[in-house]
Amino acid sequence: MREEITITAQMVYDCPAEDSRQDQGQAIHNDLLRLLDADSTTGVACCGVTIQHLSPEALTYGNAEARQLAERQSDRIFSALAELYGVDSVPDLLTYALCDLRHLADQSTLAFDRHDKNAFQYYRAEKDEEDKESMR
């Protein structure tokens, strides 16, 4: 007689930060299936995988990591914009990128100001968390 046992395991995966959480989850799921496809001599076999929770390192390790993540993202976007526009002046890069984002919003018939306000709310929430962490 056999029975199914449900386990809870914690695994840490290194994923491309630029991928969406959904894409990261799908890649992890595919990798788990690949790992579990081996022939087993233990007499047990995994018969299903469900990912219940994904937690980025910023949430896992607290706000010190969130700051590091913000710094990495800032460096990454600086490099991308410097390569795109051929300049390394941060004020110029910011101006050029915002101008082009406005063009993108126009072409997509989106209200740039609305999305800018949403982005500012995300930014403030991140900064507030950072400030709380620095007080601890």
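It should be noted that the structure appears before, not after, this text.
Our subject in this report is the structure included herewith. (Residues numbered from 1 in each chain as written. Predicted model: local features only at pLDDT ≥ 70, side-chain atom pairs only at ≥ 80, totals over all residues. Heavy atoms only, no water.)

For the rest of this paragraph, the subject is the overall build of the protein. When you go through the protein residue by residue, the secondary structure sums to five helices and zero strands. Along the protein, from the amino end to the carboxyl end, the secondary structure elements read α-α-α-α-α. Within the protein, counting contacts between residues at least 6 apart in sequence, those at least 24 apart form 25% of the total. When the accessible surface of the protein is totalled, it reaches about 11,800 Å², and 53% of it is carbon and sulfur. (Helix = DSSP H or I, 4+ residues; strand = E, 2+ residues; numbered from the N terminus. Contact = heavy atoms within 4.5 Å. Areas by Shrake-Rupley, 256 points an atom, 1.4 Å probe, with all protein chains shown as cover.)

In this section: unusual backbone geometry. Phi is positive for Thr-109, which is not a glycine, with a value near 50 degrees. Examined against the element boundaries, Thr-109 turns out to sit in the loop between helix H4 (90–107) and helix H5 (112–135).

Tallied over the full model, the rule gives two aromatic pairs. Between Tyr-85 and Tyr-96, the ring centres sit 5.4 Å apart and the planes meet at 55 degrees, which makes this aromatic pair tilted. Linking Tyr-85 in helix H3 (residues 63–85) with Tyr-96 in helix H4, this pair joins segments that are 11 residues apart in sequence. Note on Tyr-85: relative accessible area 23%, which makes it partly exposed. (Phe/Tyr/Trp six-rings, centres within 6.5 Å; stacked < 30°, edge-to-face > 60°. Buried < 20%, exposed > 50% of the residue type's maximum accessible area, 1.4 Å probe, protein only.)

Pairing between side chains becomes possible if they bear opposite charge and their charged atoms approach one another. Going through the model one piece at a time under the given rule, you end up with two salt bridges. The partner of Asp-113 in a salt bridge is Arg-102, and the shortest N-O contact between them spans 3.8 Å. Of this pair, Asp-113 sits in helix H5 while Arg-102 sits in helix H4, placing them 11 residues apart in sequence. Here Asp-128 and Arg-124 are joined by a salt bridge, their closest N and O atoms 2.7 Å apart. Taken together, the positions of Asp-128 and Arg-124, both in helix H5 and four residues apart, correspond to about one turn of that helix. The partly exposed category is assigned to Arg-124, whose relative accessible area is 31%. (Salt bridge = Lys/Arg side-chain N within 4 Å of Asp/Glu carboxyl O.)

Quick look at a nonpolar patch on the surface now. Side chains of Leu-94, Leu-98, Leu-101 and Leu-104 sit close together on the surface and give an oily, nonpolar patch of about 350 Å² of accessible area. Mapped onto the fold, Leu-98 is located in helix H4. (Patch = residues over 30% accessible without salt bridge, like charges linked within 9 Å, V, L, I, M, F, W, Y side chains within 5 Å.)

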